[in-house]
Amino acid sequence: LDWSSSNVVAVALASTVYLWHVSTGSIEELVKVSEEAGPVTSVSWGSDGKHLAVGLHDAEVQLWDTVALRQVRSLKGHTARVGSLAWNGGPILSSGGRDATIFNHDVRIREHVITQMTAHEQEVCGLKWSLSGQQLASGGNDNILHIWNASMMSSGGSSAYLHRLDDHQAAVKALAWCPFQSNLLASGGGSSDRCIKFWNTQTGVCLNSIDTKSQVCALQWSRHEREILSSHGFSQNQLCLWKYPSMAKMAELTGHTSRVLHLASSPDGYTVASAAGDETLRFWRVFGAPESTTLARTKSKEAAGTDSLSVRSTIHIR
């Protein structure tokens, strides 16, 4: 799942990528890959809101022009499925695979692989660039979180990480960079860990750790409030809204019937889309509304509890 700057939601289900145009409500099929190539294992929008990277089970990464509805590039290099993709805000696309390798691709040039990172021992299941494009966070099924500095990424060769963080006790899929404090990263652990941890990525120090009591699948910071949203799996498949830095739980949102694998924020930052294994997308106005003041929003939450954060709409993907 990913939501573009041009207000289009891309969602992959099995071997098909769908585009949902939020402003019109129209849905179109971008691509259905072959049984041999699929299923689709990751999607990520470029900052232009036009180009979409699609990772496949057969180790290929495809780059699509979603306006022309045509594939413009095929990026090879991985030897197993590509489960994570992240753009650095420009023409550099990072991909993480089940082969435990991360590649940086410069999508403008013929020999597109410009950096290779091989510190993980198992599948790279989480990948996020910082908003400045200066640091890359990678999480693995080996329970390790790595921080990489763009300035330390050697061109053409293998790069060394800045930090190797081994505090999580399960796979690290959920990653989110803080929009209001540089060098602050949130990470979430799987079902044997259940923790959200906060890191100073310059020093590698863990600033805080909260046991959420359930598997952490995804994280999304608010761009308007000092809040963070988490999505979960076993046992309640819920979303939780937390105040930062106190980590007081402000709301718990339920509705999905299987684990909530992905979160994506709207361009204005007020709505969050969630996608789960129950084959539904749910849209939550969880971070307020453009016209509401902070005071009014606080009062409505106190008065209505989680009702003011209820699901805005649900789409059954098929």
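Since the model is a prediction, treat every value here as computed from it, not as a measurement.

1. Comments concerning the packing of aromatic side chains
Phase 1 of the analysis: This structure, assessed with the given rule, holds 8 aromatic pairs.
Phase 2 of the analysis: On the numbers, 5.5 Å between centres and 90° between planes, the contact of F180 with W221 is edge-to-face. Placement of F180 in the loop between β17 (172–177) and β18 (184–189) and of W221 in strand β21 (residues 216–221) is noted, with a sequence separation of 41 residues between them.
Phase 3 of the analysis: Residue W221 is classed as buried on the basis of its relative accessible area, which comes to 3%.

2. Observations concerning the sheet that holds strand β14 (residues 135–140)
Phase 1 of the analysis: Spatially, β13-β14-β15-β16 is the arrangement adopted by the 4 strands of the open sheet, whose pairing is antiparallel. Bordering the open sheet on either side are β13 (124–129) and β16 (163–165), each of which pairs with just one other strand. Across the sheet, the mean angle separating the axes of adjacent strands is 15° when strand polarity is ignored.
Phase 2 of the analysis: Here 5 bridges tie β14 to strand β15 (residues 145–149), and the two strands are oriented antiparallel to one another. By the bridge assignment for β15, L136 is matched with W148.

3. Brief notes about the sheet that holds β21
Phase 1 of the analysis: An order of β21-β22-β23-β24 is seen for the 4 strands of this open sheet, with the pairing classed as antiparallel. Each of the sheet's edge strands pairs with one partner strand only, and the pair in question is β21 and β24 (249–253). If you compare each strand with its neighbour and ignore which way they point, the axes differ by 20° on average.
Phase 2 of the analysis: Summarising the sheet, strand β22 (residues 227–232) and strand β23 (residues 239–243) pair through 5 bridges and their orientation is antiparallel. Bridge assignment links E227 to a residue of β23, and that residue is K243.

4. Things to note about unusual backbone geometry
Phase 1 of the analysis: Cis geometry marks the peptide bond from G38 to P39; its omega dihedral reads 5°.
Phase 2 of the analysis: Within the element layout of this structure, P39 appears in the loop between β4 (27–32) and β5 (40–45).
Phase 3 of the analysis: S235 follows F234 through a cis peptide bond whose omega is 15°.
Phase 4 of the analysis: Within the secondary structure, S235 sits in the loop between β22 and β23.
Phase 5 of the analysis: Although it is not a glycine, A14 adopts a positive phi angle of roughly 55°.
Phase 6 of the analysis: Among the structural elements, A14 can be located in the loop between β2 (8–13) and β3 (16–21).
Phase 7 of the analysis: Residue classification places A14 among the partly exposed positions, given a relative accessible area of 41%.
Phase 8 of the analysis: The phi dihedral of N183 is positive, around 65°, even though this residue is not glycine.

5. Comments concerning the side chain of D2
Phase 1 of the analysis: In this structure, D2 sits in strand β1 (residues 2–3).
Phase 2 of the analysis: Although D2 is buried, it forms no salt bridge, and the closest oppositely charged side chain is K128 at an N-O distance of 7.5 Å.
Phase 3 of the analysis: A polar contact of 2.8 Å, which involves the side chain of D2, links it to the backbone nitrogen of W45.
Phase 4 of the analysis: The residues contacting D2, other than those within four sequence positions of it, are V8, V9, A10, V43, S44, W45 and A264.

What counts, and at which threshold
- Residues numbered from 1 in each chain as written.
- Predicted model: local features only at pLDDT ≥ 70, side-chain atom pairs only at ≥ 80, totals over all residues.
- Heavy atoms only, no water.
- Phe/Tyr/Trp six-rings, centres within 6.5 Å; stacked < 30°, edge-to-face > 60°.
- Helix = DSSP H or I, 4+ residues; strand = E, 2+ residues; numbered from the N terminus.
- Buried < 20%, exposed > 50% of the residue type's maximum accessible area, 1.4 Å probe, protein only.
- Pairing = 2+ DSSP bridges.
- Axes fitted to C-alpha atoms, helices over the stretch in contact; angles between N-to-C directions.
- Lys, Arg positive; Asp, Glu negative; His and termini not counted.
- Salt bridge = Lys/Arg side-chain N within 4 Å of Asp/Glu carboxyl O.
- Polar contact = N/O pair within 3.5 Å; in protein donor to acceptor, adjacent residues only side chain to side chain.
- Contact = heavy atoms within 4.5 Å.

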